[in-house]
Amino acid sequence: MIASKHPIYKSYAKVNVFLKIVGYEEGYHQISSRFIRLNDLHDTMWFELGNGYDLDIVGDFSCDKEDNTIYKAYKALLKEYPQKAISEFGKSHKVVVYKNIPAFAGLGGGSSNAATFLMMMNETLKLGLSTQDLIKVGVNVGADVAFFLSGYESANVSGFGQIIEKFDEELPDLEFYTPDLECSTPAVYRSYRRFYKNQMEENSELSQKLEQMESIDILKKYDPELLNDLFKAAIKLDPEILFEQKEGYFFSGSGSSFFRLKEK
């Protein structure tokens, strides 16, 4: 059981109902995707007093602090808003993260943690930043951060991840699982560029159709391989992914998680 005197925040996961790569510009991939927030899967975050030197991050993380998305969000916030209150708070506090979202799994855990941290700082220090102000900071941290900052449960996400359009629909009831495999997002995108970059124009045509459809209908009508352009790219890197896929399940993000509509 989690006990804290400080406000506790939920940092939600997501899945990509579809993910189409529609362009590549200045080192970034342009995407068209439907994000669905997983309200029943989240990390838990809160502040506690720290060591007095620099923002500390406590949690089950395998990366160095400088590579942690929470720390990157802290530095990005300071760069955009170089206020003494922010730096002083960072020196005197630590962020505690109780992890439930698997890492390297296509569920957006790192981006969600960064977004939640920015919201925590905004509320705790009463910075008065709007959602768009926070998104401006968050896009410098990760492509999925803007979605989590939006607060939407379902949205069409495009551009480099910074364009978020709320999609009103009946949320699909999903079940999911994560194999004991780690997928590196940068490596999967490199694999896509190497083997499948010529498909972008065709992807754009399909994505425009998918953006208008409800998620439930998309998952009932289309095959997993067609909906996620990164699926085959991930398999090129690790063929074991193909053997972990169960019948009727879809690949989320750059992997390695799978999901499907719950059977009724």
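The coordinates are above.
What counts and what doesn't
- Residues numbered from 1 in each chain as written.
- Predicted model: local features only at pLDDT ≥ 70, side-chain atom pairs only at ≥ 80, totals over all residues.
- Heavy atoms only, no water.
- Disulfide = S-S within 2.5 Å.
- Helix = DSSP H or I, 4+ residues; strand = E, 2+ residues; numbered from the N terminus.
- Buried < 20%, exposed > 50% of the residue type's maximum accessible area, 1.4 Å probe, protein only.
- Core = buried A, V, L, I, M, F, W, Y, C linked by side-chain atoms within 4.5 Å.
- Contact = heavy atoms within 4.5 Å.
- Pairing = 2+ DSSP bridges.
- Salt bridge = Lys/Arg side-chain N within 4 Å of Asp/Glu carboxyl O.
- Axes fitted to C-alpha atoms, helices over the stretch in contact; angles between N-to-C directions.
- Parallel < 35°, antiparallel > 145°, perpendicular 65-115°, else oblique.
- Nonpolar A, V, L, I, M, F, W, Y, C, P; charged D, E, K, R; others polar.

1. Regarding the state of the cysteines
Each disulfide consists of one covalent bond between the sulfur atoms belonging to two cysteines.
Item 1. Counted according to the given criterion, the structure contains 0 disulfides.
Item 2. Cys183 supplies the cysteine sulfur nearest to Cys63, a cysteine that is in no disulfide, at a spacing of 17 Å.

2. Here's the deal with the environment of Glu170
Item 1. With respect to the helices, strands and loops of the structure, Glu170 is situated in the loop between strand 6 (163-166) and strand 7 (174-177).
Item 2. Owing to a relative accessible area of 54%, Glu170 belongs among the exposed residues under this scheme.
Item 3. Separated by 159 residues in the primary sequence, Glu170 and Ser11 have C-alpha atoms spaced 22 Å apart.

3. Here we look at the nonpolar core
Item 1. Counting 58 residues, the largest nonpolar core has Leu77, Ile86, Val95, Phe117, Leu118 and Ile241 as the members making the most contacts within it.
Item 2. The biggest single contributor to this core is helix 1 (residues 69-80), with 7 residues.
Item 3. In this structure Leu77 touches Ile86, Leu118, Met121, Leu127, Leu129 and Val137, once residues within four positions along its chain are discounted.
Item 4. Counting 22 residues, the second largest nonpolar core, distinct from the first, contains Ile101, Ala105, Ile218 and Leu219.

4. Looking at the sheet that holds strand 9 (residues 258-261)
Item 1. The 3 strands lie next to each other as 7-9-8, forming an open sheet whose pairing is antiparallel. Either end of the sheet is taken by a strand with one partner, and the two such strands are strand 7 and strand 8 (250-251).
Item 2. With 4 bridges connecting them, strand 7 and strand 9 associate as antiparallel partners. Following the sheet pairing, Phe176 is matched in strand 9 by Phe259.

5. Describing the pattern of salt bridges
Item 1. Evaluated as defined, the whole model comprises 13 salt bridges.
Item 2. We note a salt bridge from Lys14 to Asp144, for which the minimum N-O separation is 3.9 Å. Here the residue Lys14 occupies a position in strand 1 (residues 9-25), and Asp144 occupies one in the loop between helix 4 (131-138) and helix 5 (145-150), the gap between them amounting to 130 residues. Per residue, the accessibility class of Lys14 equals that of Asp144, and both read buried.

6. A short note on the packing of helix 1 against helix 2 (residues 84-92)
Item 1. Here helix 1 crosses helix 2 at 155°, and the two axes come no closer than 10 Å. Classified by the interaxial angle, the pair formed by helix 1 and helix 2 is roughly antiparallel. Residues Tyr74, Leu77 and Leu78 of helix 1 touch helix 2, and the partners they reach there are Ile86, Ser87, Gly90 and Lys91.
Item 2. Across the contact of helix 1 with helix 2, the residue classes tally to 4 nonpolar, 2 polar and 1 charged.

Read these as geometric descriptors, not functional statements.
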